[in-house]
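Survey of secondary and tertiary structure
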Amino acid sequence: MKLKQLTLPVLVAVFANQTYAAVETEVGTLSTDFRLRYESVNQDNALKDSSALTLRSLANFKSKAVSGISAFIELENTLALIDDYNNGIGEGTEYSVIADPESTEIDQVYLAYNSEQFAAKFGRQVITLDNHRFVGHVGWRQDKQTFDALSAKYEKDAINVSYAYINKRNRIFADEKDVDSKDHLLNASLKTELGKLTAYGYLLESDNNTDNALDTYGVRLVGKKMLAKLPVSYAAEYALQTNESGANSVDTTYLLLESGVKISDITYKLGYESLGSDNGEQAFQTPLATLHKFNGWTDQFLVTPSIGLQDFYASVSGNALNGKWSLIYHAYSSDESIVGYDDLGSEFDVMYSTSFSKQYSVGVKYATYMAGDEIFAKVDTNKFWVWVAATF
C-alpha cells in the first residue's frame, strides 16, 4: 500500500483553505464539495485484498434566473491517493473491485426553467425518482450517475407528474462504460390520506443497433400513521417488467412490503423485497438504480441473478453522540430454486455518521456477507469504509 506524495497538499487545500467557501456574485453562486474516503474489501477467493483512499472534488456554478431561466455547470474530479484495487475499468484486476476510478469530467451542465408549478431541464443532469430503486444518482460512489436528458415536472397541490427522455447514461466508471440510450421515464404521484400513491412506467432501450427493451410498469404506496400513539410507517410496491432481446421476451415481477415503528427515538423496520425470475432464465433488473442502497452494502446483487432474489431484512436505527447509527440484517434466497438449492447467503451492515460546524461530516461503515449454497459461486465478503466530507 502506497500513499501518493500529493496527499498532504491536497488535504491542506481541501480542508484548511477557506478560499473554497461558497462565493455569491451578481450573476450566480459558486460552491464546492469534497469527500475523502478510505475503503477496503476482503473476499474469500484468490483476489488480493483491496485498499483505496480516494478524494472526490466537486465545483459547481449556478447562475441567477432571468425570466425563470438559469444555467448550471458542475466539474468533478476523483483522485486515488491509495490505489491498491480493481477500479472496474481494467486496472488492478488482481484485486477485489472498488468502483471508484480516477476521473475528471463535466458531471452536470444544463439549462433550467422554473415557474410556480412547472420545471424543466435540458442537458447533463441528475435524475432521481421515488426511493432510487429504479432511477437514482448512485451518490455513494465517487463518480455519481448522471443523464444527458430533457426532463420536465409539473406539481400542483397533491399532484406531481414528471417525464424524462434520456439519450445517454453517464455511469459511475468515468467515461468508460457510458451507454447511449433511448429511455422514457414517466412518474406520477398523488398524495392521499393513506399516503403517497405513485404510478410509473420506465421504458429503457440501449441505442446499440440491436432490438432490445426493458419496460417496467408499477405502482407504489408510502405512508405513515399514528397507531397506539406510535408513528408507524409502511410501503408497498408492485411492478411488471418485460425484457426483450431480439426475438426473445421474458416477463418478471417485483414486490416490496415494508413496515416500521418508532419507539423512544429508535426506529425498527421489517421488509421483504422480491426481484422475480422467469423460470430461472432471466430476472427482474433495475440498471438505473442507486443499487448500493438495496440488498446489502457488500453489493453482491448489483445484477439480479437469473434465478431471482428474495431479500428478507430487518433494521434498527437511531441517534447517538450527535450522530446517526443503523444496523441492518439481510437474509437472501432465490426466487427459483435449483434442485433444492436456494440459499443465497446473509449479511450484516452497520454504520455511524455525524455532522459538525454545518460544513463537515464524518462516518464509518462496515458490511459482512456470509455466502450460502456453494452452487451459486458467492464467497464471504467484508467491506469497511471511513470518510470525511466538507461542503463550502
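Shown above is the structure to which this text applies.
Residues numbered from 1 in each chain as written. Predicted model: local features only at pLDDT ≥ 70, side-chain atom pairs only at ≥ 80, totals over all residues. Heavy atoms only, no water.

1. Overview of the pairing of strand 6 (residues 118-125)
Here strand 5 (residues 103-114) runs beside strand 6; their pairing, made up of six bridges, is antiparallel. Its bridge partner lying in strand 6, A112 is registered against K121. Hairpin connection of strand 5 to strand 6: three residues between the antiparallel strands. (Pairing = 2+ DSSP bridges. Helix = DSSP H or I, 4+ residues; strand = E, 2+ residues; numbered from the N terminus.)

2. Here's the deal with unusual backbone geometry
The backbone of K229 sits at a positive phi, close to 65°, despite the residue not being glycine. Relative to the elements of secondary structure, K229 occurs in the loop between strand 11 (212-227) and strand 12 (230-245). Given the relative accessible area of 78%, K229 is considered exposed. The backbone of A377 shows a phi angle near 60°, a positive value even though the residue is not glycine. Mapping A377 onto the fold places it in the loop between strand 18 (360-370) and strand 19 (381-391). Owing to a relative accessible area of 65%, A377 belongs among the exposed residues under this scheme. (Buried < 20%, exposed > 50% of the residue type's maximum accessible area, 1.4 Å probe, protein only.)

3. A look at the packing of aromatic side chains
On inspection of all chains with the given rule, the structure shows 18 aromatic pairs. Taking the centre distance of 6.4 Å and the plane angle of 45° together, the rings of Y113 and F118 count as tilted. Accessibility expressed as a relative area gives 34% for Y113, which makes it partly exposed. With 5.6 Å between their ring centres and 15° between their planes, F356 and Y360 make a pair best called stacked. Take F356: its relative accessible area is 39%, and that puts it in the partly exposed class. Through a chain of ring-to-ring contacts, the aromatic side chains of F134, Y200, Y202, Y254 and F284 assemble into a single cluster. Here the basic side chain of K365 rests over the ring of W297, its NZ or CZ set 4.4 Å away from the ring centre. Of note, K365 hangs over the ring of W385, and the distance from its end group to the ring centre comes to 5.1 Å. (Phe/Tyr/Trp six-rings, centres within 6.5 Å; stacked < 30°, edge-to-face > 60°. Lys NZ or Arg CZ within 6 Å of the ring centre and 35° of its normal.)

4. Observations concerning the pattern of salt bridges
Summed over the entire model, instances satisfying the criterion amount to 13 salt bridges. With its nearest N and O atoms 2.8 Å apart, the salt bridge here joins R169 to D183. Taken together, the positions of R169 in strand 8 (residues 159-170) and D183 in strand 9 (residues 179-191) put the pair 14 residues apart, joining distant regions of the chain. For the pair R169 and D183, a shared accessibility class is recorded, and that class is buried. (Salt bridge = Lys/Arg side-chain N within 4 Å of Asp/Glu carboxyl O.)

5. Some details on a nonpolar patch on the surface
A surface patch of nonpolar side chains, amounting to about 930 Å² of accessible area, comprises I69, L111, Y113, F118, Y154, I159, V161, Y163, L186, L190 and L197. The set of elements that each furnish at least two residues to the nonpolar patch consists of strand 5, strand 8 and strand 9. Counting residues per element, the nonpolar patch draws most heavily on strand 8, at three residues. By the element assignment, L111 lies in strand 5. (Patch = residues over 30% accessible without salt bridge, like charges linked within 9 Å, V, L, I, M, F, W, Y side chains within 5 Å. Areas by Shrake-Rupley, 256 points an atom, 1.4 Å probe, with all protein chains shown as cover.)

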